[in-house]
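Here is how the chains run, residue by residue.
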Amino acid sequence: IKAQDLHSICSHMGNVLEEVTIPMHPIIADIKQNMMDNGAVGAMMSGSGPTVYGFFEDNKTARAAKEALTASKMVKQLYLTTLYNNKH
């Protein structure tokens, strides 16, 4: 995190609860894949669900991914946010 290397951070993300939850709710994997297909550097289920989040390198890519995921009708609610106190 100190190095501000998004790709490295995302390559180390993990949530063991996905192993239990995704088989019961495969839409989670579909949402994650949609995010990755639309430019996310990383995507993951938050905690035990139901939230799935993605990290993007820039706002343009994130907005396009939001539009694609909204169009897919896989999600009921979708929010685009930025990191708090982001100095970039």
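Throughout, a residue's number is its position along its own chain's written sequence, starting from 1. Per-residue local features of the predicted model are confined to residues with pLDDT of at least 70, and side-chain atom pairs are confined, for both listing and counting, to 80 or more; whole-chain, interface and lining totals are unaffected and use all residues. Only hydrogens and water are set aside; all other atoms, that is, all heavy atoms of the structure, feed into the side-chain values.

Peer 1: Explain the packing of aromatic side chains to me, and be specific about the residues and the numbers.
Peer 2: Pairing of aromatic side chains requires ring centres within 6.5 Å, counting the rings of Phe and Tyr and the six-membered ring of Trp. Pairs whose planes differ by under 30 degrees are stacked, by over 60 edge-to-face, and all others tilted. Here the structure, examined in full by the defined rule, presents one aromatic pair. Ring geometry for Tyr53 against Phe55: centres 5.5 Å apart, planes inclined by 75°, an arrangement best described as edge-to-face.

Peer 1: Quick rundown of the nonpolar core? Include the residues and the values.
Peer 2: Within the largest apolar cluster, 12 residues are counted, these being Ile22, Ile28, Ile31, Met35, Ala40, Ala43, Met45, Val52, Phe56, Ala62, Ala65 and Leu69. For this core, the secondary-structure elements that each account for two or more residues are helix 3 (27-37), strand 1 (42-45) and helix 4 (59-72). By nonpolar core is meant a set of buried Ala, Val, Leu, Ile, Met, Phe, Trp, Tyr and Cys residues that side-chain atoms within 4.5 Å join together. Remark: exposure states derive from per-residue accessible area (1.4 Å probe, protein chains only) relative to the maximum for the residue type, with buried under 20%, exposed over 50%, and partly exposed in between. Helical segments are the DSSP runs of H or I of at least four residues, strand segments are the runs of E of at least two, and each set is numbered from the N terminus.

Peer 1: I'd like a rundown of helix 4, residues and numbers included.
Peer 2: End to end, helix 4 covers 20 Å across 14 residues, agreeing with the expected 20 Å (1.5 Å per residue, within 8%). Every buried residue of helix 4 is accounted for by Ala62, Ala65 and Leu69. For helix 4, the angular spread of buried residues about the axis comes to 65°, placing them on one side. Exposed residues on helix 4 whose side chains face more than 90 degrees from its buried face are Lys60, Glu67 and Ala71. Note on contacts: a residue pair is in contact if any heavy atoms of the two residues lie within 4.5 Å. Next to the buried residues of helix 4 lie helix 3. You can read the cap of helix 4 off the contacts: a side-chain oxygen lies 3.2 Å from the backbone nitrogen of Lys60, and it is on Asp58. Following helix 4 by one or two positions, Lys73 adopts a phi angle in the positive range, close to 65°. A helix is expected to span 1.5 Å multiplied by its residue count minus one. The arc in question is the one traced by the directions running from the helix axis out to the C-beta atoms. Definition of a polar contact: a pair of N or O atoms within 3.5 Å, with one able to donate and the other able to accept a hydrogen when the atoms are protein atoms, and with sequence-neighbouring residues admitted only if both atoms are side-chain atoms.

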